[in-house]
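Structure assessment
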Amino acid sequence: MYKSVENTPITMYEINRGRVVRTLEFIQDVIVICLCIGLFSFMVLQVRDMFLSLLPPLDFHAVTADILFLLILVELFRLLIIYLQEHRVSIGVAVEVSIVSALREVIVKGVLEASWSQVLATCAFLLVLGVLLFLRVWLPPTFEGIDPEQEVSKRYKSRAKSELIQNNSH
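Structural notes, computed from the coordinates. Just so it is clear, the model here is predicted, and its values are computed rather than measured.

**A closer look at the side chain of D66**
As for its placement among the helices and strands, D66 is situated in helix 2 (residues 60-86). Buried charge without a salt bridge: D66, with R104 as the nearest opposite-charge side chain at an N-O distance of 5.7 Å. Excluding its chain neighbours within four sequence positions, the residues that come into contact with D66 are Q46, D49, M50 and S53.

Below is the structure:
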């Protein structure tokens, strides 16, 4: 009825695969948590610097650059939090960070000081990012309720389970 462990074709990798994956995910979560703590600390320092730059003499250029840089840091922090919650990178947030970063560079450097090729490249980059953001909003993330990644994962798991049952029944 039951076969001994020595006669089963299951390798040690198949037995410990779940444990290895959980351990690696835990380590990855610890790394992301460390990134969150470091980024939050850096944001606190940036807020302090921003308030110090508000003291007279007021440099509007520096204040604007600090505010936009702080917004970029907030978006990156939000991206890390979403990763911790869902174990995926949010495309929408990543595109938003890229747009704000590009606009910050344009505002800090100044459009009049940049060469025409840089302005054209930045415009093309922002146009592509805008199209990506627009498509992300209008295209459902799960093609009519079906998440392709989950479907493939379910198929793989059911196939592995049936092979495991089949191998154990022999």
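**What to know about a nonpolar patch on the surface**
Together, V20, L24, F26, I27, V30, I31 and L35 give the surface a local cluster of nonpolar side chains, amounting to about 650 Å² of exposed area. With respect to the helices and strands, L35 occurs in helix 1 (residues 12-53). Assessed through its relative accessible area of 46%, L35 is described here as partly exposed.

**A closer look at the packing of aromatic side chains**
If you walk through the whole model with that rule in mind, you get two aromatic pairs. Aromatic side chains F40 and F77 sit 6.0 Å apart centroid to centroid with 45° between the ring planes, which places their arrangement in the tilted category. Of this pair, F40 sits in helix 1 while F77 is found in helix 2, placing the two residues 37 residues apart along the sequence. Judged by its relative accessible area of 46%, F40 falls in the partly exposed class. Residue classification places F77 among the partly exposed positions, given a relative accessible area of 23%. Relative to F69, the ring of F42 has its centre 6.0 Å away and its plane inclined at 90°; by these criteria the two rings are edge-to-face. Taken together, the positions of F42 in helix 1 and F69 in helix 2 put the pair 27 residues apart, joining distant regions of the chain.

What counts and what doesn't
- Each chain has its residues counted from 1, following the order in which its sequence is written.
- Given that the model is predicted, a residue must reach a pLDDT of at least 70 before its local features are reported, and side-chain atom pairs must reach 80 or more before they are shown or counted; all residues, however, enter totals for whole chains, interfaces and linings.
- Working from all heavy atoms in the structure, the side-chain values ignore hydrogens and water.
- Helix and strand assignments follow DSSP, with helices taken as H or I runs no shorter than four residues and strands as E runs no shorter than two, numbered in order from the N terminus.
- The rule is simple: take the accessible area with a 1.4 Å probe, protein chains only, and divide by the maximum for that residue type; under 20% is buried, over 50% is exposed, in between is partly exposed.
- Only four residue types enter the charge count: Lys and Arg as positive, Asp and Glu as negative, with His and the chain ends excluded.
- Salt bridges are counted wherever a side-chain nitrogen of Lys or Arg sits within 4 Å of a carboxyl oxygen of Asp or Glu.
- Should any heavy atoms of two residues lie within 4.5 Å, those residues are considered in contact.
- To count toward a patch, a residue needs a relative accessible area over 30% and no salt bridge; like charges are then connected within 9 Å, while nonpolar side chains (Val, Leu, Ile, Met, Phe, Trp, Tyr) are connected within 5 Å.
- Accessible surface is estimated by sampling points in the Shrake-Rupley manner with a 1.4 Å probe; for residues, cover comes only from the protein chains shown.
- Pairing of aromatic rings covers Phe, Tyr and Trp, the last counted by its six-membered ring, and requires centre-to-centre distances within 6.5 Å; plane angles under 30 degrees mean stacked, over 60 mean edge-to-face, and any other angle means tilted.

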